[in-house]
Amino acid sequence: MRNLNKIIKEDGNILELTFDNIEEQLIALSDNEIIENLDQRTQQFYHFLECFNRQSKETGRPFWAFLNTCAMGEWNPIEKRITTFFPTPTLGMLRYEAFNALALGAQGLVCWMYGMGLSKKFLDKNEYCNVFVDAPMMADVPLNPVPGETKVTLKYRDNTLWQNVKTVINEVRSLERIFLNTEVTAYGHCFPGDTVPEIYLGLRQVSFADGTPSGFMPIMSVTFPTGTSKTNSKHPGILISILKTVLREETVAPAEPETYSSDSGSILPDHPVKPDIPVITFITKRYIVVTNHDALYPQGPINIRFAPEYQITPVFGESAISLDVSQATSVDMTLSPGNMCIFEFSKLKT
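Right, let's walk through the structure included here. Each chain has its residues counted from 1, running along the sequence as written. Where totals are concerned, whole chains, interfaces and linings use all residues; where local detail is concerned, this predicted model gives features only for residues with pLDDT of at least 70, and gives and counts side-chain atom pairs only at 80 or more. Water and hydrogen atoms were dropped before computing side-chain values, which therefore reflect all heavy atoms in the structure.

This paragraph deals with the packing of aromatic side chains. Here is the rule: rings of Phe, Tyr and Trp (six-membered ring for Trp) pair when centre to centre is within 6.5 Å. Planes less than 30 degrees apart are stacked, more than 60 are edge-to-face, and the remainder are tilted. Enumeration over the complete set of coordinates arrives at ten aromatic pairs. Between Phe191 and Tyr200, the ring centres sit 4.9 Å apart and the planes meet at 50°, which makes this aromatic pair tilted. The same class applies to Phe191 as to Tyr200, namely buried. When the centroid spacing of 6.0 Å and the interplanar angle of 65° are considered together, the rings of Tyr310 and Phe345 count as edge-to-face. Relative accessibility decides the category of a residue: with a 1.4 Å probe and only protein chains considered, values under 20% of the type maximum give buried, values over 50% give exposed, and everything between is partly exposed.

Attention now moves to the environment of Glu171. Going along the chain from the N terminus, every DSSP run of H or I of four or more residues is numbered as a helix, and every run of E of two or more is numbered as a strand. As for its placement among the helices and strands, Glu171 is situated in helix H5 (residues 160-174). We classify Glu171 as buried; its relative accessible area is 14%. Sequence separation between Glu171 and Phe99 is 72 residues; the distance between their C-alpha atoms is 9.7 Å. As used in this structure description, the phrase polar contact means that two N or O atoms lie within 3.5 Å; if the pair is within protein, one of them must be able to donate a hydrogen and the other to accept it, and residues adjacent in sequence are counted only when both atoms belong to side chains. Among the polar contacts listed, one links the side chain of Glu171 to the side chain of Arg95, at a separation of 2.7 Å.

What follows deals with the packing of helix H4 (residues 91-103) against H5. Any two packed helices are characterised by how steeply their axes cross, that is the angle between the axes, and by the distance between the axes. Between H4 and H5, the least distance of the axes is 9 Å, while the angle of their chain directions is 25°. In terms of axis orientation, H4 runs roughly parallel to H5. By crossing handedness, the relation of H4 to H5 is classed as right-handed. Along the contact surface, H4 presents Leu91, Leu94, Arg95, Ala98, Phe99 and Leu102, while H5 presents Asn164, Val165, Thr167, Val168, Glu171 and Val172. To define axes, lines are fitted to C-alpha atoms, for helices over the stretch in contact only, and angles between the resulting N-to-C directions are given on a 0 to 180 degree scale. Any angle that is under 35 degrees is reported as roughly parallel, and any over 145 degrees as roughly antiparallel; angles of 65 to 115 degrees are reported as roughly perpendicular and all others as oblique. Note on convention: near helix rotated counterclockwise from far helix by under a right angle means a left-handed crossing. Clockwise means right-handed. The contact criterion used is simple: two residues touch if any of their non-hydrogen atoms lie within 4.5 Å.

With that out of the way, let us pick up H4. A helix is expected to span 1.5 Å multiplied by its residue count minus one. The end-to-end C-alpha separation of H4 is 18 Å, in line with the 18 Å expected for 13 residues at 1.5 Å each. Residues of H4 that are buried include every one of Gly92, Met93, Leu94, Arg95, Tyr96, Glu97, Ala98, Phe99, Asn100, Ala101, Leu102 and Ala103, and no others. At the exit of H4 stands Gly105, carrying a positive phi of roughly 100°.

Across the sheet, four strands lie side by side as S11-S16-S19-S18; this open sheet has antiparallel pairing. Edge strands, defined here as strands with exactly one partner in the open sheet, are strand S11 (219-223) and strand S18 (321-323). Going across the sheet, the axis of each strand differs from the next one's by a mean of 20°, ignoring polarity. Following DSSP output, two strands are said to pair if at least two bridges run between them.

Strands sit in the order S4-S3-S7 across an open sheet of three strands; the sheet is antiparallel. Either end of the sheet is taken by a strand with one partner, and the two such strands are strand S4 (81-86) and strand S7 (129-134). Taking the axes of each pair of neighbouring strands and ignoring which way they run, one obtains an average angle of 30° across the sheet. Of the strand pairs in this sheet, strand S3 (residues 71-76) and S4 are connected by five bridges, and their pairing is antiparallel. The residue bridging Gly73 from the neighbouring strand is Phe85, located in S4.

Scope: geometric values only; no functional claims are made or implied.
Given below as structure tokens:
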């Protein structure tokens, strides 16, 4: 996986090759070694997502993203130690991967890995291998399994990691109506101050300092907290996405009983003759998604001011939002690590 990641980072043409060889879905690769090199991995993560977002639009094929749900490392037999390590994912890290991917149009999430692989007790210290420390499920596999005969048992581990994974999966499921078959009409990274952090150079940026950029209405302004007392974020900034989702609603129109005429007038039969008629309607919903750049630290309060001719309704992250109900044109939000807030918006009728 890491070699392919390196190729994609250095030569975007590999994406075209990947699309040509996968008929239906494109799986986006993400490498979440947050602790080892936070700056490099943050840039790499967003770079991948933006590349796959672009290619998905150009080819009309949906893409999926990986959600790292295990703690593992690479054993180096020469140095006799684990040289590269994926830390145990926290709730913030899981949300960071899942929510940023969804905000950029991912249509599926693949958990890697769900079952725990080779652990320390099976380690051959003379061979290169991946050593797993934690995962949602434990696989009890003998050191020398016999194909077709060895019994392998899988069981869920009732620990903090499994509880965090369940939390994020349930959150994602609750948002299917928003993110499934959605179109990302606009997106960009927004930062406090006038200077863009070096690790985000090359990514799509959005600024509201000189007004609302094209595609980002109804947002009028974004204001970050000043000073260190408001946020401890090491990577201040947010990803803002504008989504358009068309929902298919199916209802049934009750059948009307047929009548027929006679000499005594119209007669209504005891039961309907015509069957119920299915009615399908399509409803367009538009959303603003604001996602925390930081998987480890909270950010906020961040103020977003909206154009007064729009109705704004929080639909996710309500506990983190303070809405100015009297005017309904301004919100203050505090984003926990890796988390997001979602607003539905529509133009008010005049």
